[in-house]
Amino acid sequence: TGETMGAPTGYLKDMKSFDEVKEAFDIQMKYWIDRMISSINTVDKVHQRNHPLPYLSLLINDCIEKGEDVSRGGARYNYSGPQMVGLGTVTDSLCTIKQLVFEEKMITGEELIQALRANWEGHEALQAYINSDKVHHYGNDDDYADDVMQAVFDFYYHTVTGRPNMKGGTYRINMLPTTCHVYFGEVMLASPNGRLAHKHV
């Protein structure tokens, strides 16, 4: 749409190191996590007011004893667990940027962005290289990719965990890389890991 939606963190073409990329990524992640938490809290508050769950509350420990609906914190445990989806795609995309743009200098940040905007059309050789075993990928017992994944996971974990929810509990993360990836892939544009736009694989 041309509309800027995230935090103003600059452009890949202007970044001089992967540390700058990771810093920008973390800023974006926190920006969107803050909005996610705010949205979930708003939905939960509306549900408490407009859509209580009395029959479900009958089956949940402590709701009857407390005299409180499950949507209002009547349950014994009141955690909220937003799901993290796409960790593999994010990891492989960051690995591509780290390895090919900043370490091997095989491509520039601008060239990578051009390939993504073209949905890899005209850049098939680069796409095939990224999808080869010459580039680090998560899920292959590869310490390089695992370190990138761990950094992403740790940031998500520490940014979400412990924040208060609307039921008197706190947020704890949930990992759900299955099923949701189909929908998210369908609405995403091309990604640096060689994935085509609107594809879940």
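Residues numbered from 1 in each chain as written. Predicted model: local features only at pLDDT ≥ 70, side-chain atom pairs only at ≥ 80, totals over all residues. Heavy atoms only, no water.

Undergrad: Looking at this structure, I do not really get the confidence of the model for the protein. What am I missing?
TA: It should be kept in mind that the predicted coordinates are not to be read in detail where pLDDT is low. On average, the protein scores 95 in pLDDT, and the residues at 70 or more come to 100%. Of all secondary-structure elements in the protein, the lowest mean pLDDT belongs to helix H8 (residues 180-187), at 86, while helix H6 (residues 124-130) reaches the highest, 98. (pLDDT = per-residue confidence, 0-100. Helix = DSSP H or I, 4+ residues; strand = E, 2+ residues; numbered from the N terminus.)

Undergrad: Mind showing me how you'd approach the pattern of salt bridges here?
TA: Note on pairing: side chains with opposite charge can pair once their charged atoms come close. Counted by the stated rule, this structure contains 5 salt bridges. For aspartate 14, the salt bridge is made with lysine 13, and the minimal N-O distance between the two is 3.4 Å. Put simply, aspartate 34 and lysine 30 hold a salt bridge, and the shortest N to O gap is 2.8 Å. Placement of both aspartate 34 and lysine 30 in helix H1 (residues 18-50) is noted, with a separation of 4 residues, approximately one turn of the helix. Residue classification places aspartate 34 among the partly exposed residues on the basis of a relative accessible area of 22%. (Salt bridge = Lys/Arg side-chain N within 4 Å of Asp/Glu carboxyl O. Buried < 20%, exposed > 50% of the residue type's maximum accessible area, 1.4 Å probe, protein only.)

Undergrad: I keep staring at the packing of aromatic side chains and nothing clicks. Help me out?
TA: Each aromatic ring pair is specified by the distance between its two centres and by the angle formed by the two planes. Inspection of the entire model under this criterion finds 3 aromatic pairs. A ring pair is formed by phenylalanine 153 and tyrosine 157, whose centres lie 6.3 Å apart and whose planes are at 20 degrees; its orientation type is stacked. Within this pair, phenylalanine 153 and its partner tyrosine 157 are both found in helix H7 (residues 143-160), separated by 4 residues, close to a single helical turn. The partly exposed category is assigned to phenylalanine 153, whose relative accessible area is 21%. A residue is classified by how much of its surface remains accessible, and tyrosine 157, at 35% relative accessible area, is partly exposed. Taking 5.6 Å as the distance between ring centres and 55 degrees as the angle between the ring planes, the aromatic pair formed by tyrosine 183 and phenylalanine 184 counts as tilted. For tyrosine 183, a relative accessible area of 52% puts it in the exposed group. (Phe/Tyr/Trp six-rings, centres within 6.5 Å; stacked < 30°, edge-to-face > 60°.)

Undergrad: What is the right way to look at the packing of H1 against helix H4 (residues 87-103) in this model?
TA: Geometrically, a packed helix pair is captured by the angle between its two axes and the distance between the axes. Relative orientation of the contacting elements H1 and H4 amounts to 155 degrees, with a least axis distance of 10 Å. Judged by the inter-axis angle, H1 sits roughly antiparallel to H4. As for the relative orientation of H1 and H4, their crossing is right-handed in sense. Across from Phe18, Val21 and Phe25 in H1, the residues of H4 making contact are Val90, Leu94, Ile97, Lys98 and Phe102. Split into classes, the residues belonging to the contact of H1 with H4 amount to 7 nonpolar, no polar and 1 charged. (Axes fitted to C-alpha atoms, helices over the stretch in contact; angles between N-to-C directions. Parallel < 35°, antiparallel > 145°, perpendicular 65-115°, else oblique. Left-handed = near helix turned anticlockwise from the far one by under 90°. Contact = heavy atoms within 4.5 Å. Nonpolar A, V, L, I, M, F, W, Y, C, P; charged D, E, K, R; others polar.)

Undergrad: Where do I start with the nonpolar core in this structure?
TA: What tends to happen in soluble globular proteins is that the nonpolar side chains get buried as a cluster. Residues Val21, Ile97, Phe102, Leu112, Trp120 and Leu126 are the most contacted members of the largest nonpolar core, which totals 33 residues. Of all elements in the fold, only H1, H4, helix H5 (109-117), H6 and H7 reach the threshold of two or more residues within this core. Residues within four places of tryptophan 120 in sequence aside, it is in contact with Leu112, Ala115, Leu126, Gln127, Ile130, Ala190, Ser191, Pro192, Gly194, Arg195 and Leu196. (Core = buried A, V, L, I, M, F, W, Y, C linked by side-chain atoms within 4.5 Å.)

Undergrad: What exactly am I supposed to notice about unusual backbone geometry here?
TA: Trans is the prevailing form of peptide bonds, just as negative phi is the prevailing case for residues other than glycine. Even without a glycine there, the phi angle at aspartate 62 is positive, about 85 degrees. On the secondary structure map, aspartate 62 appears in the loop between helix H2 (54-58) and helix H3 (63-66). Positioned with a positive phi, asparagine 119 is a non-glycine residue whose angle comes to about 55 degrees. Counting through the fold element by element, asparagine 119 comes out in the loop between H5 and H6.

Undergrad: Which parts of the structure should I look at to understand a nonpolar patch on the surface?
TA: Taken together, Tyr55, Leu58, Leu59 and Ile64 make up a surface patch of nonpolar side chains, about 540 Å² in accessible area. With respect to the helices and strands, leucine 59 occurs in the loop between H2 and H3. Classification of leucine 59 by relative accessible area gives exposed; the value is 70%. (Patch = residues over 30% accessible without salt bridge, like charges linked within 9 Å, V, L, I, M, F, W, Y side chains within 5 Å. Areas by Shrake-Rupley, 256 points an atom, 1.4 Å probe, with all protein chains shown as cover.)

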